[in-house]
Amino acid sequence: MMKKVICRLFSVSMLALMVGCFKDTPMSTIHTVTQAGRDINYVYFLTTVITVVIFFAVAIPVVIALVRFREKEDDDGSIPPQIHGNPVLEFIWTVVPVILLIIIAVPTWQIIFKQAREPAPDALKVEVIGHQWWWEFRYPDLGIVTANEIHLPENTEIDLDITSADILHSFWVPKFGGKVDSVPGHNNPLLWDTPAAIEEGGDYYQGQCAELCGLSHALMRFQAVVHKKDEWDRWVQTYDNPPNKDTSFEHKGDEIFHTYCMSCHAISGTASAEIPGPRIGPDLSNFGNRKKMAAGILDNNQANLRKWIKNSGSIKPGSLMTSFEEILSDKEIDAVISYIRNSTVKDY
Ligand code: CUA
């Protein structure tokens, strides 16, 4: 009975695993959208096919031998004829693995060298900086700094330069292929090639820190957003527009932001953006246009932002941000939210 249950459970979980492997999900490494991802998967599938063939080539004779040569009832207990060495067999099991290793090694080398190539002269440079527990993105040629959403033009080579502000993280967008450590005091390169964009407003691809980096490692997410060419141009052009402070409410928000928030956060087009160097907290330029907040874990809306400002540690354990529950009144918090979120909805 027990044996039957275990067998059933095993077959069901194997089936689920097989279906799961081929299902397209936001974090699927098999359904990649970039050439780099397809190249990696080619080697992965080639290796998988070869190892599956080896598995059966070994397992089937072992099972046949176990069944056929097991002890029989009329066995007299004598030892079968003993042999030593078989040059033909030994030659085959030496040469076949060598050939298989060459078949795997050649495309692996080709793809390693292809990924380590020099970036094209027109590649878009982006500096990636991992922080506990969010991502900073800097576009040195465009003068843009942003956080937790890496915006990219379609069909373009992206020359990423990855580092960390504190401890080891790992930069990973499963659908783009490749996973690169972000190491403090060291820069790792990664070349991406973006796919064609489909959706108006950009195609969103899920990213995640893939190296255990403390309390909120699992909450260190981000999005890669690929735009159509004209939409990308508008994103770049409107990025620097500062938030409105037309109403007295927004004006109050601006004052609060520049009193309490700018020692860690910056918004382009305002005094807070003049502070050079890596940010302590995420850059909040164009925040109103982000889909997610708190490094990709919450929807970007007023209620979530209010909860976050009041006590970010209740959402992201270990968050370095001060809890403003006791420092600012509800009205003041709402004013600063209105100011930050209306950095807004520039139409791209
Ligand atoms: Cu950063 Cu895990």
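So, how was this worked out
Residues numbered from 1 in each chain as written. Predicted model: local features only at pLDDT ≥ 70, side-chain atom pairs only at ≥ 80, totals over all residues. Heavy atoms only, no water. Buried < 20%, exposed > 50% of the residue type's maximum accessible area, 1.4 Å probe, protein only. Helix = DSSP H or I, 4+ residues; strand = E, 2+ residues; numbered from the N terminus. Pairing = 2+ DSSP bridges. Axes fitted to C-alpha atoms, helices over the stretch in contact; angles between N-to-C directions. 1 Å grid on protein atoms, 1.4 Å probe; cavity = no way out; pocket = protein on both sides within 12 Å on 5 of 7 lines; lining within 4 Å. Points joined across faces, edges and corners; volume = space filled by probe spheres on them. Nonpolar A, V, L, I, M, F, W, Y, C, P; charged D, E, K, R; others polar. Contact = heavy atoms within 4.5 Å. Lys, Arg positive; Asp, Glu negative; His and termini not counted. Salt bridge = Lys/Arg side-chain N within 4 Å of Asp/Glu carboxyl O. Polar contact = N/O pair within 3.5 Å; in protein donor to acceptor, adjacent residues only side chain to side chain.

1. With respect to the pairing of strand 5 (residues 157-164)
Of all 8 residues in strand 5, 7 are buried, a share of seventy percent or more. Of the strand pairs in this sheet, strand 1 (residues 124-131) and strand 5 are connected by 7 bridges, and their pairing is parallel. Counterpart to Val-126 in the pairing with strand 5 is Leu-160. Bridging between strand 5 and strand 8 (residues 188-193) involves 6 bridges; their strand directions are antiparallel.

2. Some words on the sheet that holds strand 5
Reading across the sheet, the 5 strands line up as 3-2-1-5-8 and stay open at both edges, with mixed pairing between neighbours. Two strands in the sheet have a free side with no partner beyond their single neighbour: strand 3 (144-147) and strand 8. Strand-to-strand twist of the sheet, defined as the mean angle between neighbouring strand axes without regard to direction, takes the value 25°.

3. Quick word on the layout of surface pockets
Volume-wise, the largest pocket comes out at about 680 Å³. Lining the largest pocket are 34 residues; nearest its centre among them are His-265, Gly-281, Pro-282, Trp-308 and Met-321. Only helix 5 (248-261), strand 11 (292-293), helix 6 (302-310) and helix 7 (330-341) provide two or more residues apiece to the lining of the largest pocket. The biggest single contributor to the lining of the largest pocket is helix 6, with 3 residues. Here the lining of the largest pocket is composed, by residue class, of 22 nonpolar, 8 polar and 4 charged.

4. Side note on the side chain of Ser-28
Mapped onto the elements, Ser-28 comes out in the loop between helix 1 (2-22) and helix 2 (35-68). With residues near it in sequence (within four places) discarded, Ser-28 still touches Lys-23, Pro-174 and Lys-175.

5. Examining empty space enclosed by the protein
Scanning the entire structure with this criterion turns up 2 cavities of 30 Å³ or more. Here the largest cavity defines a volume of roughly 50 Å³. Here the residues of the lining of the largest cavity are counted per class, giving 3 nonpolar, 5 polar and 2 charged. Taken as a whole, the second largest cavity spans an internal volume of roughly 40 Å³. Lining the second largest cavity are Asn-148, Glu-149, Phe-222, Gln-223, Arg-290, Lys-292, Met-293, Ala-295 and Gly-296. Mapped by element, the contributors of at least two residues to the lining of the second largest cavity are strand 10 (221-227) and strand 11. Here the residues of the lining of the second largest cavity sort into 3 nonpolar, 3 polar and 3 charged.

6. Things to note about the side chain of Asp-203
Along the chain, the position of Asp-203 falls in strand 9 (residues 203-208). Within the buried core, Asp-203 has no salt-bridge partner, and the shortest N-O distance to an opposite charge, that of Lys-228, equals 7.1 Å. A distance of 2.8 Å separates a polar atom in the side chain of Asp-203 from the backbone nitrogen of Glu-199.

7. Describing the sheet that holds strand 10
If you walk across this open sheet you meet the 3 strands as 4-10-9, and the pairing is mixed. Sheet topology places strand 4 (149-153) and strand 9 at the edges, where each strand pairs with a single neighbour. Shown here is a sheet whose adjacent strand axes are inclined to one another by a mean of 25°, direction ignored. Taken together, the 6 bridges between strand 9 and strand 10 define a ladder with antiparallel strand orientation.

8. Section: the pairing of strand 1
In terms of burial, strand 1 is largely enclosed, as 6 of its 8 residues are buried. Examined bridge by bridge, strand 1 and strand 2 (residues 134-139) share 5 bridges and lie antiparallel to one another. In the strand pairing of strand 2, Glu-127 is matched with Arg-138. Where strand 1 hands over to strand 2, the hairpin turn is made up of 2 residues, counted between the paired strands.

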